[in-house]
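# Commentary on secondary and tertiary structure
Spelled out, the chains give:
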Amino acid sequence: MLVAALGWLCLVAITVDAMRHGSPSTTHAAVGPVTLVAVYLGSVLWVRHNRAIHRRHARRRSVLVVARPWTHDRLGRALVGVAETVGGRDVRVVVVGAVKSYV
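Residues numbered from 1 in each chain as written. Predicted model: local features only at pLDDT ≥ 70, side-chain atom pairs only at ≥ 80, totals over all residues. Heavy atoms only, no water.

### A few points about the side chain of K100
Structurally, K100 is set in strand β3 (residues 99-102). Setting aside chain neighbours within four positions, we find K100 in contact with D73, R77, A78, L79, V80, V93, V94 and V95. (Helix = DSSP H or I, 4+ residues; strand = E, 2+ residues; numbered from the N terminus. Contact = heavy atoms within 4.5 Å.)

This is how it looks when you write it as structure tokens:
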């Protein structure tokens, strides 16, 4: 995608420059087609790469579920009462020092 965007930006810059100066120079006449070919080849190679990745890996059927013991939060505080409050309608979180309690 980056190759395609860069190619289009080069082509637009060449076009704008050619419109300002009246006629494209020899360099512009050569760079324009080269840029288009590079964008095309880069896009084709990128699509082939993505298709090869798709062929090598089986399609995911579901997200893997990993059973994690909820003993600590991301800050390292101990969690108390997590299992009892799962699915509750009203859950209060109380943090006292290094312990986070779910009531």
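### Observations regarding the pairing of β3
Summarising the sheet, strand β1 (residues 78-80) and β3 pair through three bridges and their orientation is parallel. Counted as the bridge partner of L79 is K100 from β3. As paired elements, strand β2 (residues 93-96) and β3 share four bridges and run antiparallel to each other. By the bridge assignment, V93 is partnered in β3 with Y102. Between β2 and β3, which pair antiparallel and follow one another directly, the connecting turn spans two residues, one of which, G97, has a positive phi of 65°. (Pairing = 2+ DSSP bridges.)

### Focus: the environment of L75
Among the structural elements, L75 can be located in the loop between α2 (26-56) and β1. Residue L75 is classed as exposed on the basis of its relative accessible area of 67%. On a C-alpha basis, the gap between L75 and A98 in space is 9.2 Å, while along the polypeptide they are 23 residues apart. (Buried < 20%, exposed > 50% of the residue type's maximum accessible area, 1.4 Å probe, protein only.)

### Regarding the environment of L41
Mapped onto the fold, L41 is located in helix α2. For the pair L41 and V3, spaced 38 residues apart in the sequence, the C-alpha separation amounts to 9.5 Å.

### Quick look at a nonpolar patch on the surface
Taken together, V37, Y40 and L41 make up a surface patch of nonpolar side chains, about 320 Å² in accessible area. For L41, a relative accessible area of 46% gives the class partly exposed. (Patch = residues over 30% accessible without salt bridge, like charges linked within 9 Å, V, L, I, M, F, W, Y side chains within 5 Å. Areas by Shrake-Rupley, 256 points an atom, 1.4 Å probe, with all protein chains shown as cover. Salt bridge = Lys/Arg side-chain N within 4 Å of Asp/Glu carboxyl O.)

### Looking at the sheet that holds β2
Taken in spatial order, the three strands line up as β1-β3-β2 in an open sheet, and their pairing is mixed. Both outer strands of the open sheet, β1 and β2, are each paired with one neighbouring strand and no more. Going across the sheet, the axis of each strand differs from the next one's by a mean of 20°, ignoring polarity. (Axes fitted to C-alpha atoms, helices over the stretch in contact; angles between N-to-C directions.)

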